[in-house]
Amino acid sequence: RSIVILISGRGSNMEAIVRAAQAERWPARIAAVISNRADASGLEFAASHGIATAVVANRDYPTRDQFDAALREQIDAFAPDLVVLAGFMRILTAPFVNHYQGRMLNIHPSLLPSFPGLATHRQALAAGVKLHGATVHFVTPDLDHGPIVAQAAVPVLEEDSEETLAERVLEQEHVIYPRAVRWFVQGRLALDGARVRLAAEA
Ligand code: GRF
């Protein structure tokens, strides 16, 4: 099986997935890492691990439809079984999302359905919640509302800033995202209509 990972920046979730794939000898290869920004620092890590990289810069396309068409073409050139959004900061159009139905995952830094959208750690602090976390979900056209695959919770501490909270959540992202991707490449995780199916380990 093959995986294409989309990033926009640092790519620490991508890195966690690449490392887990190697360390755990997944029955899958990371076919490519694609960024919508040429300056995404994660591209260097991917290249240094012998992974093909590509940039499809949203700036180069006048409309969202044109960008999504170009991105789709680039992704499909690698014929992936799974597309992994890892800190990919572009909203994708419904036709694009539907093309990858049941084979595109995202990680969102909150316990969905709480705090969709941006600045999730600021939202959590403002709401005064005592638990926060991260969610892996299948991507559907409804932004940050796809069927939930995995979640991890962390405490919110009195003295937390956005940064300290983000750091605590990120540590958990690096645990649950590689695990969910592994389930998928092992053929254990699937989307069945609106339901997530997860089979026990063989
Ligand atoms: C992560 O917190 C991810 O959940 C969010 O953006 C951050 C990306 O981090 N959408 P990285 O690029 O994976 O390091």
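Procedures and definitions
- Residues numbered from 1 in each chain as written.
- Predicted model: local features only at pLDDT ≥ 70, side-chain atom pairs only at ≥ 80, totals over all residues.
- UniProt positions renumbered as here; feature names shortened; annotations may be inferred.
- Helix = DSSP H or I, 4+ residues; strand = E, 2+ residues; numbered from the N terminus.
- Buried ≥ 20, exposed ≤ 12 C-beta atoms within 10 Å, placed from the backbone.
- Contact = placed C-beta atoms within 7 Å.
- Axes fitted to C-alpha atoms, helices over the stretch in contact; angles between N-to-C directions.
- Parallel < 35°, antiparallel > 145°, perpendicular 65-115°, else oblique.
- Left-handed = near helix turned anticlockwise from the far one by under 90°.
- Near = placed C-beta within 6 Å.
- Core = buried A, V, L, I, M, F, W, Y, C linked by C-beta atoms within 7 Å.
- Expected span 1.5 Å × (residues − 1).
- Arc of directions from axis to C-beta.

## Details of the UniProt feature "active site" (unreviewed entry) in the protein
Then, number 1: The UniProt record marks His108 with the feature "active site" (unreviewed entry), using the residue numbering of this structure.
Then, number 2: Positionally, His108 belongs in strand 5 (residues 104–108).
Then, number 3: Classification of His108 by C-beta neighbours within 10 Å gives buried; the count is 23.
Then, number 4: Ignoring anything within four residues of it in the chain, the contact list for His108 reads Ala134, Thr135, His137 and Asp144.

## A closer look at the packing of helix 5 (residues 120–127) against helix 6 (residues 162–185)
Then, number 1: Remark: helix 5 packs on helix 6, axes separated minimally by 9 Å, with the N-to-C direction vectors making an angle of 115°. Here helix 6 runs roughly perpendicular to helix 5, going by the angle between their axes. For the crossing formed where helix 5 meets helix 6, the hand is right-handed. For the pair helix 5 and helix 6, the contacting residues are His121, Arg122, Ala124 and Leu125 in the first and Glu162, Leu165, Ala166 and Val169 in the second.

## Things to note about the UniProt feature "domain: Formyl transferase N-terminal" (unreviewed entry) in the protein
Then, number 1: UniProt feature "domain: Formyl transferase N-terminal" (unreviewed entry): in the numbering of this structure it lies at residues 3–181.
Then, number 2: The straight-line gap between the two end C-alpha atoms of residues 3–181 is 9 Å; of that span, 37% is helix and 23% is strand.

## Concerning the site of the ligand
Then, number 1: Neighbouring the ligand are 13 residues, the closest being Arg10, Ser12, Asn13, Gly87 and Pro109.
Then, number 2: Elements with a contribution of two residues or more to the shell around the ligand: helix 1 (12–23), strand 5 and helix 6.

## Comments concerning the nonpolar core
Then, number 1: The biggest cluster of nonpolar side chains holds 51 residues, and the ones touching the most others in it are Ile5, Leu6, Ile17, Val84, Ala86, Leu105 and Ala180.
Then, number 2: With eight residues, helix 6 is the single largest residue contributor to this core.

## Let's talk about helix 3 (residues 64–76)
Then, number 1: With 13 residues, helix 3 should cover 18 Å at 1.5 Å per step; its first-to-last C-alpha distance of 18 Å lies within 8% of that length.
Then, number 2: Within helix 3 the residues assigned to the buried category are Phe67, Asp68, Leu71 and Ile75. One side of helix 3 carries all its buried residues, which in axial view fall inside an arc of 95°. Turned more than 90 degrees off the buried face of helix 3, the exposed positions are Asp65, Gln66 and Glu73.

## A few points about helix 1
Then, number 1: Counted at 1.5 Å a residue, the expected span for helix 1 with its 12 residues is 16 Å, and the 16 Å between its end C-alpha atoms agrees.
Then, number 2: For helix 1, the complete set of buried residues consists of Asn13, Met14, Glu15, Ala16, Ile17, Val18 and Ala21.
Then, number 3: Summarising the contacts, the buried residues of helix 1 are in contact with strand 1 (2–7), strand 2 (29–35), helix 2 (42–48), strand 4 (82–85), strand 5 and helix 6.
Then, number 4: Where helix 1 ends, the next residue or the one after it, Arg25, has phi of about 50°, a positive value.

## Some details on unusual backbone geometry
Then, number 1: With an omega of 10°, the peptide bond between Leu112 and Pro113 qualifies as cis.
Then, number 2: A positive phi angle, near 45°, is found at Ala79, a position not held by glycine.
Then, number 3: A positive phi is found at Asp144, a non-glycine position, where the angle reads about 60°.
Then, number 4: Along the polypeptide, Asp144 turns up in the loop between strand 6 (131–138) and strand 7 (148–155).

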